[in-house]
Each structure stands twice: as C-alpha cells, then as structure tokens.
Amino acid sequence: MAFQLPELGYAYDALEPHIDARTMEIHHSKHHNGYTTKLNGAVTGTDLEGKSIEDILANLDMSNGAVRNNGGGFYNHSLFWSVMNPEDKGYLTGDLRDAIETAFGSVDAFKDAFSKAAATQFGSGWAWLCVHADGTVSVCSTPNQDNPLMPGVTCEGTPILGLDVWEHAYYLNYQNRRPDYINAFFNVINWNEVEKRYAAAK
C-alpha cells in the first residue's frame, strides 16, 4: 500500500498562538504532502515497496538520496504532528519523567538540552528525544531529513519527540527567531503521545 499523508487530528489553527495556522497549512498540505508523493515515487517498483517506513529507514542505503530525503521527511513529519496536540496534552509524568530526570537531572535541564540541540543545529534539521533499549533517554539533532532510525547517523535510539527546525516550520511567524519558536513548542507537546512512544520503544 502506498504511503499516505496522515491527518493531523486537529485544525490548522489549533496550535495558535504558538504555531500559526498558515504555517501549519503550508507545512502539512505542501511540504509533508510533497515528501509523501516523492517517497511513493522512489519506492514503487523496487524491493522497498510494501515495507514499513521504519523498516525502510532502519535498513536504508544512505546513498539513495530520494528515499533518504523523502522517507526521512515522511517519517519525521508524521511523528512531529502526533507529538503536538492543543487539547488533552497530558503532563510529563511516570516512567518517562523518571528517565528524563535520571538522564538530565531535572525536567528544566532536559528542556535546556533539547532547546540547545534545536537552536544549534546548523541550517535545516531536527532535534530529538530518543529512547534506548535499556529505557534511558538522550537528546540529539540531525541535519536535513535524517533521523536516528537511519544507519550511521551519530544520533542513536528510537525518536519519541522531534522538533522541526527547518525555516519552513516557523519563518512566517518567527522569522529568524528560532529560539522563540523552540520555546513555543513546549506549550503544545502532547506528552500522552510521547509517553506511549516511550513505553513502546524501550
């Protein structure tokens, strides 16, 4: 079955004032839709057709730019939409909070580390919170549409929270003020979803 653009599960204006409706509409209906279409074109008729995106990325030939860029873009944005929610966001609690406090010392220290990873990613890319097989967590960043599932990427683990720091994700509202956009992101994180991803990944 061909990959399909996922529904957001909320309206384009639902994350305002933190992320504006026009940015969300363009980001989802144009950028993510473009990655989805190009990914389908890149895998159709190959041995990758019919495989899950996770399987494709975990076993990726990194020299295959079409699948690397568009597969990464499809997966990364699918995760991004799901870890934001204007309602029923929940709170950072339980085993995930314990893991974060063990790794970083406090929730505030985690936010600082995540924000630094997002702010210092040169050019386009992503910041990630990843979980490892032993349940520990770490923060890292990747360029372009790379992600921690891909082989040889120095950022390791299973991503459970991701922040898009490509300019198309924030420029209409924040212009060059990436740190303001990063700070705003913490207001819309769907911790219920992040905790589900943590439990499934460890």
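Residues numbered from 1 in each chain as written. Predicted model: local features only at pLDDT ≥ 70, side-chain atom pairs only at ≥ 80, totals over all residues. Heavy atoms only, no water.

Novice: What am I meant to see in unusual backbone geometry here?
Specialist: Only a minority of non-glycine residues have a phi that is not negative, and only a minority of peptide bonds are not trans. In this structure, the amide linkage connecting Glu 16 to the following residue, Pro 17, adopts the cis form with an omega of 5 degrees. By secondary structure assignment, the location of Pro 17 is in the segment before helix H1 (21-43). Positive phi, close to 55 degrees, is recorded for Asn 144, a residue that is not glycine. Mapped onto the secondary structure, Asn 144 falls in the loop between strand S2 (137-143) and strand S3 (158-164). Residues other than glycine seldom take positive phi values, yet Gln 175 does so here, at roughly 50 degrees. Tracing the backbone shows Gln 175 in the loop between helix H6 (171-174) and helix H7 (178-185). (Helix = DSSP H or I, 4+ residues; strand = E, 2+ residues; numbered from the N terminus.)

Novice: Hey, could you run me through the sheet that holds S2 in this one?
Specialist: Strand order across the open sheet formed by three strands is S2-S1-S3, with antiparallel pairing between neighbours. Edge positions in the sheet fall to S2 and S3, since each has one partner strand and no second. On average, adjacent strands in this sheet sit at an angle of 25 degrees to one another, irrespective of strand direction. Alignment of strand S1 (residues 125-131) against S2, held across seven bridges, turns out to be antiparallel. Of the residues in S2, the one forming a bridge with Cys 130 is Ser 138. (Pairing = 2+ DSSP bridges. Axes fitted to C-alpha atoms, helices over the stretch in contact; angles between N-to-C directions.)

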